[in-house]
Amino acid sequence: MNYLLGYLLIGVIRLMGLASLATAQGFGRRLGNLLWRRRTRSREVARTNLALCYPDKSASEINDMVHDTLQHNGMTGAEMGVMWGYDQQRLLGLIRTIHNGELLDKLVAGDKGVLLMVPHLGNWEIISTYAASRCQVTAMYRPAKMKPFSDWMVKRREIVGANMVPTTGEGVRTLFSLLKEGRVVGFLPDQEPKRTRGVFADFMGVSTLTPNLPHQMIQETGCQVVFAFAERLPDAQGFDLHFMAAEPGQYDPDPVVAATAMNTIIARCIEACPAQYQWTYKRFKRQPEGMPNPYKQAGVP
């Protein structure tokens, strides 16, 4: 059954890859509106996350943010066909303005490895396409349960420029080796790790289990860090790319100090376009000992 579903999903994404960006985004907005009208898991997770991170907002303001978030999350999903269906040059043509791009270029020109941190904000797929046009980039992926789709996804990402390694022990070792060689490695820093692979650090006022792998990479390889996100522009105009320098604390030997610095920059990225963040993800599920799961408290399915 997984094989059949995998091939079906490939077909749907290929079909969306024939569409214009405007058509894909229009479909995504409609999908977001559908999720908004019902008490869906996505809607209630987003509501819980936004209420935690924006405690000064009124219920009405949170409501509006949830609606905008679901529309943008829908667009991110619908854009998969564009991101994996267009060739590299066509994708690069969707980029309008690059803010602080010299940060990446300067680090790439140096003799140290570069850790490119890309939060789940806007459409993160186009970041790897742009970075691959400037240098060789390797990123991790989590193999999907549907093997045909997983294999196809990796192939499509590699076609537009990124090298991919799986989230296995061997894959992690590969990333460390590449950083030691002075290469560029992409990393999504805002996913919840297993409790044994993270530390609790502040993120927008919430104690958040934060991955420790970036800290280990920095301490062991001496690599440099730069953050990036792609802001979706209105009316299908394309995307603006933003690059941001890391906080000094990112390089601190204390993993909690480093994780807090990392979360500070992620929050700063989110400030640029908060509705485009992946608020539908259960980012705060694991809490410190004795603290309740906020989703269970809110009755989120």
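Further up the page is the structure itself.
None of these values were measured; they are calculated from a predicted model. (Residues numbered from 1 in each chain as written. Predicted model: local features only at pLDDT ≥ 70, side-chain atom pairs only at ≥ 80, totals over all residues. Heavy atoms only, no water.)

Trainee: How should I be thinking about the packing of aromatic side chains in this particular structure?
Mentor: One pair of aromatic rings is described through two measures. These are the centre distance and the angle between the planes. Within this structure, the stated rule accounts for 7 aromatic pairs. Ring centres 6.0 Å apart and planes at 45° place the aromatic pair Trp 84 and Phe 149 in the tilted group. Of the two residues, Trp 84 is situated in helix H5 (residues 80–85) and Phe 149 in helix H9 (residues 147–159); the sequence distance between them amounts to 65 residues. The exposure class assigned to Trp 84 is buried, which follows from its relative accessible area of 5%. Taken together, a centroid distance of 6.3 Å and an interplanar angle of 35° make the contact between Phe 149 and Trp 152 tilted. You can see Phe 149 and its partner Trp 152 sitting in helix H9, 3 residues apart, about one turn around the helix. Grouping residues by exposure puts Phe 149 and Trp 152 together as buried. Among the aromatic residues, those joined into a cluster by ring pairs are Tyr 54, Tyr 277 and Trp 279. Over the face of the ring belonging to Tyr 86 we find Arg 90, whose NZ or CZ atom lies 3.6 Å from the ring centre. (Phe/Tyr/Trp six-rings, centres within 6.5 Å; stacked < 30°, edge-to-face > 60°. Helix = DSSP H or I, 4+ residues; strand = E, 2+ residues; numbered from the N terminus. Buried < 20%, exposed > 50% of the residue type's maximum accessible area, 1.4 Å probe, protein only. Lys NZ or Arg CZ within 6 Å of the ring centre and 35° of its normal.)

Trainee: Sorry, what's going on with a nonpolar patch on the surface here?
Mentor: Together, Leu 5, Leu 8 and Val 12 give the surface a local cluster of nonpolar side chains, amounting to about 260 Å² of exposed area. Tracing the backbone through its elements, the reader meets Val 12 in helix H1 (residues 2–16). (Patch = residues over 30% accessible without salt bridge, like charges linked within 9 Å, V, L, I, M, F, W, Y side chains within 5 Å. Areas by Shrake-Rupley, 256 points an atom, 1.4 Å probe, with all protein chains shown as cover. Salt bridge = Lys/Arg side-chain N within 4 Å of Asp/Glu carboxyl O.)

Trainee: Whenever I open this one, unusual backbone geometry confuses me. Can you help?
Mentor: Residues apart from glycine generally show negative phi values, whereas peptide bonds are mostly found in trans. Not every positive phi belongs to a glycine, and Asn 100 is a case in point at roughly 60°. Of note, Asn 100 is situated in the loop between strand S1 (95–99) and helix H7 (102–109). Of note in the backbone geometry, Ala 236 takes a positive phi value of approximately 55° without being a glycine. Assignment of secondary structure puts Ala 236 in the loop between strand S8 (224–232) and strand S9 (239–245). Residue class for Ala 236 comes out partly exposed when judged on its relative accessible area of 25%.

Trainee: Got a minute to help me understand the sheet that holds S9 in this structure?
Mentor: By way of backbone hydrogen bonds, the strands of a sheet pair with one another, either parallel or antiparallel. Taken together, 7 strands build an open sheet; the order of strands is S1-S9-S8-S2-S5-S3-S4 and the sheet is mixed. Of all strands in the sheet, those with a lone pairing partner are S1 and strand S4 (163–166), marking the two edges. Direction aside, neighbouring strands of the sheet carry axes that sit 25° apart on average. Pairing between strand S2 (residues 114–117) and strand S5 (residues 184–187): 4 bridges, direction parallel. Along S5, the bridge assignment pairs Met 117 with Phe 187. (Pairing = 2+ DSSP bridges. Axes fitted to C-alpha atoms, helices over the stretch in contact; angles between N-to-C directions.)

Trainee: I tried to follow the pairing of strand S7 (residues 206–211) on my own but got confused; where do I start?
Mentor: Two faces, one strand: in a regular strand the side chains alternate between the faces of the sheet. For S7, the buried fraction is high: 5 of the 6 residues fall into the buried class. Relative to S7, strand S6 (residues 198–203) runs antiparallel, the two sharing 6 bridges. By the bridge assignment for S7, Val 199 is matched with Thr 210.

Trainee: Help me understand H9 in this model?
Mentor: Because an α-helix packs 3.6 residues into every turn, residues spaced three or four apart end up facing the same way. With 13 residues, H9 should reach 18 Å at 1.5 Å per residue; the first-to-last C-alpha distance of 18 Å fits that figure. Taken as a whole, H9 has its buried residues at Pro 148, Phe 149, Ser 150, Trp 152, Met 153, Val 154, Arg 156 and Arg 157. Where H9 terminates, the next one or two residues include Gly 161, which has phi positive at roughly 125°. (Expected span 1.5 Å × (residues − 1).)

Trainee: I keep staring at the nonpolar core and nothing clicks. Help me out?
Mentor: Here is a general trend for soluble globular proteins: nonpolar side chains tend to be buried in one another's company. If you look at the biggest cluster of nonpolar residues, it comprises 44 residues, and the most contacted ones within it are Tyr 54, Leu 115, Phe 203, Met 204, Phe 227, Ile 270 and Trp 279. Sorting the residues of this core by element identifies helix H3 (41–53), helix H4 (59–78), S2, helix H10 (169–180), S5, helix H11 (213–221), S8 and helix H12 (255–272) as the ones contributing at least two each. For this core, the leading source of residues is H12, giving 6 residues. Setting aside its immediate chain neighbours within four residues, Ile 270 contacts Tyr 54, Leu 121, Phe 203, Met 204, Tyr 277 and Trp 279. Residues Trp 124, Ile 127, Ala 139 and Val 184 belong to the second largest nonpolar core, which totals 41 residues. (Core = buried A, V, L, I, M, F, W, Y, C linked by side-chain atoms within 4.5 Å. Contact = heavy atoms within 4.5 Å.)

Trainee: Looking at this model, I keep getting lost on the environment of Lys 180. Mind explaining?
Mentor: By the element assignment, Lys 180 lies in helix H10. Given the relative accessible area of 53%, Lys 180 is considered exposed. C-alpha of Lys 180 to C-alpha of Gly 101: the two residues are 79 residues apart in sequence and 23 Å apart in space. Reaching out from Lys 180, the side chain makes a polar contact with the side chain of Glu 220 at a distance of 3.2 Å. (Polar contact = N/O pair within 3.5 Å; in protein donor to acceptor, adjacent residues only side chain to side chain.)

Trainee: Could you clarify how one ought to interpret the pattern of salt bridges in this entry?
Mentor: One pass over the structure, following the stated rule, counts 10 salt bridges. For Arg 134, the salt bridge is made with Asp 105, and the minimal N-O distance between the two is 3.1 Å. On the criterion of sequence distance, the pair formed by Arg 134 in helix H8 (residues 125–134) and Asp 105 in helix H7 is long-range, its members being 29 residues apart. Residue classification places Arg 134 among the partly exposed positions, given a relative accessible area of 45%. Its salt-bridge partner being Lys 147, residue Asp 151 comes within 2.6 Å of it at the nearest N-O pair. A residue pair is termed a helical-turn pair when its members lie 3 or 4 positions apart in one helix, as Asp 151 and Lys 147 do in helix H9 at 4 residues. Relative accessible area serves as the criterion here: at 46%, Lys 147 is assigned to the partly exposed category. Three or more residues are tied together by salt bridges with common partners; here these are Arg 43, Glu 44 and Arg 47.

None of the figures reported here should be taken as evidence of function without further support.
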